[in-house]
Amino acid sequence: LLMNEIVNPLGITATELVYPPAGPITLDFKKRVAPTERDEWRGVMVRGEVHDDNTWALGGISTHAGLFGSIDDLSAFGLNLRAQLKGLQGLQGSPADGGAQGTGSTLVSQHTAQLFAQRAVPREAGDWALGFMLPALEGASCGRHFSAASIGHTGFTGTSVWYDLERDLLVLVLSNRADATGLRLTGDVPSAIIPSRGRPREDFEAEMNATLRAHGVELVALAGFMRVLTPGFVAAWQGRMINIHPS
């Protein structure tokens, strides 16, 4: 059903469904899939099989996880989503050239696509449309530069797709490591947890800044820090802050 109704109409050729955990996982497939983490429950480095434990227990494929693909696959999906929302035909072009080149076809009507992109719950209950997540007022995974007319979807390992209807901007992120081991290797290095949810960004950053200075920190390394910092915090640490990948 997936292949007939979604993958083939989109013209996606590189996508492969994950193999069930009891089935053979070919070396060729493993070479094309990045590992995520060592799963103590399964006793293996997860590579070429679904990361989500519930889906793995269900046989490797479920409605919310188990599909592998490339950045080209995700781009084809994103461009088709854009075409559906705009009522266009085709998917191979980019937002810059209208996205209407090629022979692909949209999967659903414009009305249906727009319905699933509309807010489905009151803001106090969350930031959700029928089929996507919406930018949160604080700490949105898409950052602060996406407009309120944006929709997205994220994955546990850090993957995401966001499309800004107002700016006609599609951004894709593919990552492969859910939990870096660095903190388990720090030994006696002091650590602190500063809650951010439900707080004004300025208050959170003020506490974070005070904590860093109280510990005599001289250099700030942002390791997988999935928030956009305010200009005030950046200015306070100008020349002493770097951004690194957590792995």
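Residues numbered from 1 in each chain as written. Predicted model: local features only at pLDDT ≥ 70, side-chain atom pairs only at ≥ 80, totals over all residues. Heavy atoms only, no water.

## Remarks on unusual backbone geometry
The phi dihedral of Asp 168 is positive, around 55°, even though this residue is not glycine. Within the secondary structure, Asp 168 sits in the loop between β6 (160–164) and β7 (169–173). (Helix = DSSP H or I, 4+ residues; strand = E, 2+ residues; numbered from the N terminus.)

## Description of the sheet that holds strand β5 (residues 150–154)
Read across the sheet, 3 strands follow the order β5-β6-β7 without closing on themselves; strand pairing throughout is antiparallel. Each edge of the open sheet carries a strand with a single partner, namely β5 and β7. For this sheet the average axis-to-axis angle between neighbouring strands, irrespective of direction, equals 5°. Taken together, the 5 bridges between β6 and β7 define a ladder with antiparallel strand orientation. Of the residues in β7, the one forming a bridge with Asp 164 is Leu 169. Against the sheet, helix α4 (residues 71–86) makes contact with β5, β6 and β7, and its axis sits at roughly 150° relative to β7, the strand it touches most. (Pairing = 2+ DSSP bridges. Axes fitted to C-alpha atoms, helices over the stretch in contact; angles between N-to-C directions. Contact = heavy atoms within 4.5 Å.)

## A few points about the pattern of salt bridges
Counted according to the given criterion, the structure contains 9 salt bridges. With its nearest N and O atoms 3.2 Å apart, the salt bridge here joins Asp 39 to Arg 42. The class of Asp 39 is buried, set by a relative accessible area of 8%. For Arg 42, a relative accessible area of 13% puts it in the buried group. Note that Glu 207 and Arg 199 form a salt bridge whose closest N and O atoms lie 2.8 Å from each other. (Salt bridge = Lys/Arg side-chain N within 4 Å of Asp/Glu carboxyl O. Buried < 20%, exposed > 50% of the residue type's maximum accessible area, 1.4 Å probe, protein only.)

## Here's the deal with the environment of Ile 6
Locating Ile 6 in the fold gives a position in helix α1 (residues 2–10). Assessed through its relative accessible area of 33%, Ile 6 is described here as partly exposed. A sequence separation of 101 residues divides Ile 6 from Leu 107, and the C-alpha atoms of the two residues are 7.1 Å apart. Aside from chain neighbours lying at most four places away, what touches Ile 6 is Leu 1 and Leu 107.

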